[in-house]
Amino acid sequence: MKELFDLKGRRALVTGSSRGIGKGIAMALADAGADVIIHASSEGSRMSETVAEIEAAGGKAVGIAADLSDDVQIDELIKKVEHVDILILNASIQSYQNVENFSSEEFQREYKVNLESTFKLIQGFVPSMKDRGRGRIITIGSVNQYKPAYRLSIYSTTKAAQVNLMMNCAKEYASFGITVNNIAPGVILTDRNSGILADEGFRQKILEMVPAGRFGDLTDCAGLALLLSSDAGSYITGTDIPVAGGMQL
Ligand code: NAP
């Protein structure tokens, strides 16, 4: 089996990999031998630290910044990267607000970063995957794509739409050796939720929603992403897999 998980010679772009779940996935792919492109919204982020961490562990990585709410920066990212064997669409934003108070500007921003950039990056990299007769695309969703979540309607909507795009792409590109799958995390401890989970009462309330009785860590999503990125996952396409300790149930 080891050979099937070997990613030597494969080139991977993981969006939003300066920290959090994306970083965990990028480190796992680098550990399996892939050349990894670490991405963040801007140069001033933790992107270079993550590149240095991968290099220190003996892996290969470069950093490229692009704000995914900006079409011009997405086009530049595609031009700079040129081609990838593995495309992990992980970056997203979320804003807690009731629907009636959600501004059109914020709706546009979430729509662009969470959904339209997924479409644009797939569109940008699929042609070279087709030429090579091989490709792996993984979108990162959320348990919120299944269940309404208080004040997260727009985020949840973008994630649900992304799953539909994933399934359509999976069917469209299966015959080209390209697999497309979605990973739906539950609560994984990252910067994103460190603030809200600092409130002990709220933390306990959320924990009670997780049958496994614990929150996830970065390795929980990374293992599945490695399988779906590797030759071991070549017959898995169009799937949506929760990594949530049962929280989706
Ligand atoms: P995070 O810690 O907030 O990190 C977000 C990453 O996305 C960072 O690398 C950030 O770059 C990048 N990013 C943010 N806005 C961007 C923009 N406009 N353009 C380009 N990149 C941008 O996130 P996370 O918690 O690891 O979540 C990763 C994914 O898992 C997301 O899709 C999220 O929806 C999903 N998810 C997470 C959880 C959870 O419990 N953590 C649960 C369900 C789903 P900078 O460093 O430059 O800001």
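It should be emphasised that the depicted structure is a prediction, and the values quoted were computed from it without experimental measurement.

Caption draft 1: Looking closely at the overall build of the chain. In terms of helices and strands, the chain carries eight helices and seven strands. The C-alpha atoms of the chain give 17 Å as radius of gyration, which agrees with the globular expectation for 249 residues (18 Å, within 12%). Each of the three principal axes of the chain carries a C-alpha extent, and together these read 50 × 40 × 35 Å. Burial analysis of the chain (249 residues in total) assigns 49% to the buried set. Counted over contacts in the chain with a minimum sequence separation of 6, partners at least 24 positions apart contribute 74%. When the accessible surface of the chain is totalled, it reaches about 11,900 Å², and 52% of it is carbon and sulfur.

Caption draft 2: Structural view of the site of the ligand. Near the ligand lie 31 residues; those nearest to it are Ser18, Ser41, Asn90, Tyr155 and Thr190. In this structure, Ile21 approaches the ligand through a main-chain N or O atom, which is 2.8 Å from an oxygen atom. Between the ligand and Asn193, the relevant distance is 3.0 Å, taken from an oxygen atom to a side-chain nitrogen or oxygen of the residue. Put simply, the parts of the chain that give the shell around the ligand at least two residues each are helix H1 (20–31), strand S2 (35–40), helix H5 (153–173) and helix H6 (191–197). In terms of residue class, the shell around the ligand is made up of 12 nonpolar, 15 polar and four charged.

Caption draft 3: Focus on the pattern of salt bridges. If you walk through the whole model with that rule in mind, you get 12 salt bridges. A salt bridge links Lys60 to Asp35; the shortest N-O distance between them is 3.9 Å. Taken together, the residues Lys60 in strand S3 (residues 60–65) and Asp35 in strand S2 connect sequence positions 25 residues apart. For Asp71, the salt bridge identified is with Lys112, shortest N-O distance 3.1 Å. Of the two residues, Asp71 is situated in helix H3 (residues 71–81) and Lys112 in helix H4 (residues 104–132); the sequence distance between them amounts to 41 residues. Owing to a relative accessible area of 29%, Asp71 belongs among the partly exposed residues under this scheme. Linked through salt bridges whose partners overlap, the residues forming this network are Arg19, Arg46 and Asp191.

Caption draft 4: Just the pairing of strand S6 (residues 178–185), in detail. Counted residue by residue, S6 has eight buried out of eight residues, so it is predominantly covered. Because side chains alternate across S6, one face comprises the buried residues Ile178, Val180, Asn182 and Ala184, and the other comprises Thr179, Asn181, Ile183 and Pro185, equally buried. Relative to S6, strand S5 (residues 135–140) runs parallel, the two being bridged by six bridges. Residue pairing across strands places Ile137 opposite Val180, the latter belonging to S6. After leaving S5, the chain enters H5 and then returns to the sheet as S6, a path that is right-handed.

Caption draft 5: Summary view of the sheet that holds S2. Taking strand neighbours across the sheet as the criterion, the seven strands line up as S3-S2-S1-S4-S5-S6-S7 in an open arrangement whose pairing is parallel. The sheet is open, and its two borders are formed by S3 and strand S7 (240–243), each paired with just one other strand. Sheet twist, expressed as the average angle between the axes of neighbouring strands with direction ignored, equals 20°. Direction of pairing for S6 relative to S7: parallel, over a ladder of four bridges.

Caption draft 6: Representation of the packing of aromatic side chains within the structure. Under the definition given, this model contains one aromatic pair. The interplanar angle of 55° and the centroid separation of 6.4 Å between the aromatic rings of Tyr173 and Phe176 together place this pair among those described as tilted. A residue is classified by how much of its surface remains accessible, and Phe176, at 32% relative accessible area, is partly exposed. Positioned above the aromatic ring of Phe176 is the side chain of Lys130, whose terminal nitrogen or guanidinium carbon lies 4.5 Å from the ring centre.

Criteria and cut-off values
- Residues numbered from 1 in each chain as written.
- Predicted model: local features only at pLDDT ≥ 70, side-chain atom pairs only at ≥ 80, totals over all residues.
- Heavy atoms only, no water.
- Helix = DSSP H or I, 4+ residues; strand = E, 2+ residues; numbered from the N terminus.
- Rg over C-alpha atoms; globule rule 2.2 N^0.38 Å.
- Buried < 20%, exposed > 50% of the residue type's maximum accessible area, 1.4 Å probe, protein only.
- Contact = heavy atoms within 4.5 Å.
- Areas by Shrake-Rupley, 256 points an atom, 1.4 Å probe, with all protein chains shown as cover.
- Near = heavy atom within 4 Å.
- Polar contact = N/O pair within 3.5 Å; in protein donor to acceptor, adjacent residues only side chain to side chain.
- Nonpolar A, V, L, I, M, F, W, Y, C, P; charged D, E, K, R; others polar.
- Salt bridge = Lys/Arg side-chain N within 4 Å of Asp/Glu carboxyl O.
- Pairing = 2+ DSSP bridges.
- Right-handed = clockwise from strand over helix to strand, strands pointing away.
- Axes fitted to C-alpha atoms, helices over the stretch in contact; angles between N-to-C directions.
- Phe/Tyr/Trp six-rings, centres within 6.5 Å; stacked < 30°, edge-to-face > 60°.
- Lys NZ or Arg CZ within 6 Å of the ring centre and 35° of its normal.

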